[in-house]
Structures are given as C-alpha cells and as structure tokens.
Amino acid sequence: MSLSANNPDRISWLHVDKNSDFPIQNIPFGVFLTRDDIVTIGTRIGDTAIDLGALHQLGYFEGIPLTDDIFLQDTLNDFIADGRKTWRLVRDRIAEIFDSENESLKNDKKNKERVLFRLDEIEMQLPVQVGDYTDFYSSIEHATNVGTMFRDPDNALLPNWLHIPVGYHGRSSSIIPSGIPVHRPQGQTLPAGATEPVFGPSKLVDFELEMAFITTDANDLGESIPVEEAEQYIFGLVLFNDWSARDIQKWEYVPLGPFLAKSFASSISPWIVTLDALEPYRTESPKPLKKQLPYLQQKGKKSFDINLEVAIQPKKAKETVVSRSNFKYMYWSMSQQLAHHTVNGCPINSGDMMGSGTISGTAKDSYGSMLEITWRGEQPVTMSDGTERKFINDYDTVIMRGHCEKNGTRIGFGKVETQLLPVFETKKKR
Ligand code: MN
C-alpha cells in the first residue's frame, strides 16, 4: 500500500516555516479544546491546527468507512482501533485536502473558519486514554550506566538483559500532556550511612529521555504477536519524559523493580506522529551482542533515526541543552518489545502506551538522565545563569524535543515541556 501522504514533493496551501516539525508530510494526530470549548480530534500543518471533526461533518472524508462521530471524541482510542488501513486512508486524504493544488477548502472562507485554528486558540489534551502503560529498559548504555552506579561496575548488565527486552508495568493514571506541571514527590529514602529510612520530599528528582509508542488492539488473551507483524499494531510515537525520583528508587526497587519513584508523573508530547510518517527515517538497530531467541529475531530496518534533545530552563533564565541523543541507539526495537510483551498471551489494547526506557548514547552529552549526565551528582552541569544542577530544582522546566531529517524533509514531534513545582501542599481542614 502506497503512502501518498509521505510524498516529499507535496507542498501545502497552509503556511509552513522552513524548520517546522509539522510539514504536510507529517500529519500527526492529537486532541484539543477549541476556542468554543469543544473537544475534537485534530491534526496540525505548520502552526495551524485542523479540526478533523468539522472536516468530517463537511463531508471531506467521504468514501472512507468512518462512523459519524469518530473525530468528535475526547480520545483517539476508537480511531486507533479502526486499524492501519483506515489511518492510512485518512492521512492520505488530509494530505490531498491541504495540497497547494487543491482549491476546494482553500477557497472556502466560511468552512476554513470552522476547520482551522491558530495554536493560541486551542488547548492540547491527552491524545489517548491510556489503558495500560509499560516501560521498557532497552538502551544498553543506560542499563550499563545505571547498573554501574546502583550495583556493580564489573557486572553492570545483568545476565538476562541481552536476552530479554526488560520492562515493568507502570501507572497510566499519572500520564499527562506537555504543559501540565508536576509536584516534587515525597516518599521513603535511606540517607547515606543510615540504617533506618526517613520520609520527606525527594531530593533527587530526575527526567528520563524516552519515546513511547501507542498501540491499536493487537491480540486476544493467549495469542502472541510475531515480531515481523508487530509494526502493524503500532499507531505512532510521542516524546516521553518519565519523571523519576532517584533516592526513592534506590531504596524501594529491590526485588520487584520501580514503584513510587516512577509513578508520580510521566509527561508526553501531545501530537502522535504516525509510524507511517516516520517510514523514510528507518535505520538498522544495533547488532545483537548475543544470539537472540527465534521469537525476537528481526530482519530489516526496525529502528528510526530520530534526533532527541533535553533542555533545562531555570525559572528566570534561558534554557540550557544538557543532552543530545537518538532513538536509533535503542538495543531492542519496538517490534521486539511488542513481540516479547505478548509472547505469554497478554492482550494489548488500543491506546496502550509503551515507553522505550531512557535513551542514552555512548558519549556523556548523549545520556538521557541527570543521574548519568552528572554521574549521581558528582559532576554538576552549569545553567545559562551560572547556577549548577545535579538533578532538577523546583521551578525548573524540562523540555524535550525530537525530529527526523533527510533530503530536506523534516518530521518532528514538537516538544514536551514540564515545570517541576515544590511538594503539593494539602489544604488544611478548618
Ligand atoms: Mn522509564
């Protein structure tokens, strides 16, 4: 099936800045509140948001099997459940409607007013209702760095790591869109040298630079998804900041893995960029260091060349970029993650979200967390205002960006931007 929406020669009649993450070749999906306080599913070209609910009511999706209210919903779950064939038809149609050679909507002033919004007229929402959220641990550099710091430098990578895409089940209730602030969590920690834990605000709040993919309904209970078929169940990706409290994590994580250190918040970028839009940016995964079991063996290019960066912006200063990484560093691919996740027959549903795990490269300036960048706080980084950071301070904003670029076409994710606030003050009862 061709992906005509990806045609690199197409230009839109909507204005697109040269360095925009959202040319007509992107066509991501999101959910937003309009200026009239109506929630709708939409897409974006340049800095114009497009109301797909309104477009559908005007008949622009005629011939595509869609229910009347498919875009008049507050989540993308039902649309995603319609499957890849429908996503492709809709994305291709949107590309046609906004092609510079198509004058139908372009010359219809009244309909354009219904369909098009400036970004300052809308408020982005969570794009899906996340039923289940799983976080993997698939960057070999990250796993090695953390193993070195938390356990044993000589055996940093546990023996299972090269055989299993290691993961754990997270909480979906605290997944939030870009722009929603996060409070510093409280919890139990074991101070250095102490034998008894103390309770209080985490002193080591950190980000994790990740991406997350969103699935459609994939399998029934008991059924597994072969690695070579896995991609057809992946709708798209978002940037993912998996907030972590390192001091809480260190005390609680043995033997069952992360718990409250991770579940207080995870922030995502609001536009889901489809796997189809990322097609031109495929690349090889790193070569396996050990032979993988047959159900995990993959052929071809299953990774994507996505440039990632993290910046920290103190309250009254300019942002400072602290990391530049790339999605292609992932040792285990999304296909392998999904094949492994379902190999025991666990069902995957529309709107499930799978975090990649922190994406670190080999160089210090490509590490995906402050834990690694400052090596547990031993080597602080300097901000633009001269202050130093070991971890994240109250009122700092963490900004993650991601984009692909090849032959002059750039497809990006925009950003996920989150401010860290002090501990939540519970209102005292009078
Ligand atoms: Mn994580």
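Definitions and cut-offs
- Residues numbered from 1 in each chain as written.
- Predicted model: local features only at pLDDT ≥ 70, side-chain atom pairs only at ≥ 80, totals over all residues.
- Heavy atoms only, no water.
- Helix = DSSP H or I, 4+ residues; strand = E, 2+ residues; numbered from the N terminus.
- Buried < 20%, exposed > 50% of the residue type's maximum accessible area, 1.4 Å probe, protein only.
- Contact = heavy atoms within 4.5 Å.
- Donors = N, O, S within 2.8 Å, 3.2 Å for Na, K, Ca; no water.
- Pairing = 2+ DSSP bridges.
- Patch = residues over 30% accessible without salt bridge, like charges linked within 9 Å, V, L, I, M, F, W, Y side chains within 5 Å.
- Areas by Shrake-Rupley, 256 points an atom, 1.4 Å probe, with all protein chains shown as cover.
- Salt bridge = Lys/Arg side-chain N within 4 Å of Asp/Glu carboxyl O.
- Lys, Arg positive; Asp, Glu negative; His and termini not counted.
- Charge placed at Lys NZ, Arg CZ, Asp CG, Glu CD.
- Phe/Tyr/Trp six-rings, centres within 6.5 Å; stacked < 30°, edge-to-face > 60°.
- Lys NZ or Arg CZ within 6 Å of the ring centre and 35° of its normal.
- Domains from an automatic or database assignment.
- Buried area = accessible area lost by both parts, 1.4 Å probe.
- Polar contact = N/O pair within 3.5 Å; in protein donor to acceptor, adjacent residues only side chain to side chain.
- Nonpolar A, V, L, I, M, F, W, Y, C, P; charged D, E, K, R; others polar.
- Expected span 1.5 Å × (residues − 1).
- Core = buried A, V, L, I, M, F, W, Y, C linked by side-chain atoms within 4.5 Å.

(A) Fine view of the overall build of the protein. Secondary structure assignment for the protein yields 8 helices and 26 strands. Along the first, second and third principal axes, the C-alpha set of the protein runs to 70 × 60 × 45 Å. Scored against the burial criterion, the 430 residues of the protein give a buried share of 56%. Across the protein, contacts joining residues at least 24 apart in sequence account for 72% of those joining residues at least 6 apart.

(B) Just the coordination of the manganese ion, in detail. For the manganese ion, every protein donor is listed as Asp135 (OD), Glu208 (OE), Glu210 (OE) and Asp242 (OD), and the spread of their distances is 2.1 to 2.2 Å. All donors of the manganese ion belong to a single chain; written as a sequence motif, their spacing is D-x72-E-x1-E-x31-D. Taken together, the residues Glu208 in the loop between β12 (205–206) and β13 (209–215) and Asp242 in the loop between β14 (234–241) and β15 (244–245) connect sequence positions 34 residues apart. Among the residues examined, Asp242 registers a relative accessible area of 0% and is labelled buried.

(C) Region of interest: the pairing of strand β6 (residues 133–136). Of the two faces of β6, the one lined by Tyr133 and Asp135 and the one lined by Thr134 and Phe136 are each fully buried. Two elements, β6 and strand β22 (residues 353–355), share 3 bridges in a ladder whose sense is parallel. Opposite Thr134, over in β22, you have Met354 as the bridge partner. Bridge analysis of β6 against strand β7 (residues 167–169) gives 3 bridges, and the strand direction is antiparallel. Residue pairing in the sheet places Thr134 in a bridge with His169 of β7.

(D) Spotlight on the sheet that holds strand β5 (residues 123–124). The strand order across the open sheet formed by 5 strands is β4-β3-β2-β1-β5, and the pairing between neighbours is antiparallel. Edge positions in the open sheet fall to β4 (116–118) and β5, since each of these has one partner strand only. As judged from the 3 bridges shared by strand β3 (residues 48–51) and β4, these two strands associate in the antiparallel manner. Bridged to Thr48 within β4 is Arg118.

(E) Region of the structure containing a negative patch on the surface. Side chains of Asp68, Asp69, Asp78 and Asp82 sit close together on the surface and give a patch of like negative charge. Here Asp82 is to be found in the loop between α2 (77–81) and α3 (84–97). On the basis of relative accessible area, Asp82 is assigned to the partly exposed category, the value being 35%.

(F) Summary view of the packing of aromatic side chains. In this structure the tally under the stated criterion is 14 aromatic pairs. Taking the centre distance of 5.2 Å and the plane angle of 45° together, the rings of Phe29 and Phe79 count as tilted. Highlighted residues: Phe29 in the segment before β1 (30–33) and Phe79 in helix α2, separated in sequence by 50 residues. Here the aromatic residues Phe29, Phe61, Phe71, Phe79, Trp87 and Phe235 are joined through ring pairs into a cluster of three or more. A cation over an aromatic ring shows up here: Lys315 above the ring of Tyr395, its NZ or CZ 4.5 Å from the ring centre.

(G) Seen up close, the domain arrangement of the protein. When cut into domains, the protein gives domain 1 (4–124) and domain 2 (133–421). Summarising the inter-unit geometry, the C-alpha centres of domain 1 and domain 2 are found 29 Å apart. Across the boundary between the two partners, domain 1 contributes 27 residues, which contact 27 residues of domain 2. Here domain 1 meets domain 2 over a buried area of about 2200 Å², counting both sides, of which 59% is carbon and sulfur. Counting the contacts that link domain 1 with domain 2 gives 2 salt bridges. Measuring nitrogen to oxygen at the nearest pair gives 2.9 Å for the salt bridge that ties Asp276 to Arg88. One can count 12 residue pairs in polar contact (both at pLDDT 80 or more) joining domain 1 with domain 2. Taken together, the elements giving at least two residues each to the side of domain 1 that touches domain 2 come down to β1, β2 (39–45), α2 and α3. For the side of domain 1 that touches domain 2, the residue count by class is 13 nonpolar, 9 polar and 5 charged.

(H) Focus on the pattern of salt bridges. By the definition in use, this model includes 23 salt bridges. Ionic pairing is found between Asp396 and Arg389, a salt bridge with its closest N-O pair at 2.7 Å. Arg389 matches Asp396 in its accessibility class, with the two residues each being buried. Between Glu417 and Lys415 there is a salt bridge, and its shortest N-O distance comes to 3.5 Å.

(I) Region of interest: α3. Spanning 14 residues, α3 covers 20 Å between terminal C-alpha atoms, matching the ideal 20 Å at 1.5 Å per step. When α3 is considered as a whole, its buried residues turn out to be Thr86, Trp87, Arg88, Val90, Arg91, Asp92, Ile94, Ala95 and Ile97.

(J) Here's a closer look at the sheet that holds strand β26 (residues 409–421). Spatially, 5 strands are ordered β9-β26-β25-β20-β21 in an open sheet, and the strand pairing comes out mixed. Bordering the open sheet on either side are β9 (182–183) and β21 (320–326), each of which pairs with just one other strand. Where strand β20 (residues 307–313) meets β21, 6 bridges bridge the pair, whose relative direction is antiparallel. Bridge pairing in β21 links Asn307 to Asn326.

(K) Inspection of the nonpolar core at higher detail. Grouped together as the largest cluster of nonpolar side chains are 58 residues, with contacts concentrated most on Phe207 and Phe327. Among the secondary structure elements, those contributing two or more residues to this core are α5 (140–150), β13, β14, β20, α7 (334–342), α8 (370–373), β25 (397–406) and β26. Top element by residues in this core is β26. It accounts for 4 residues. Counting residues in each nonpolar core, the second largest holds 44 residues, with Leu52, Ile80, Ile94 and Ile175 among its members.

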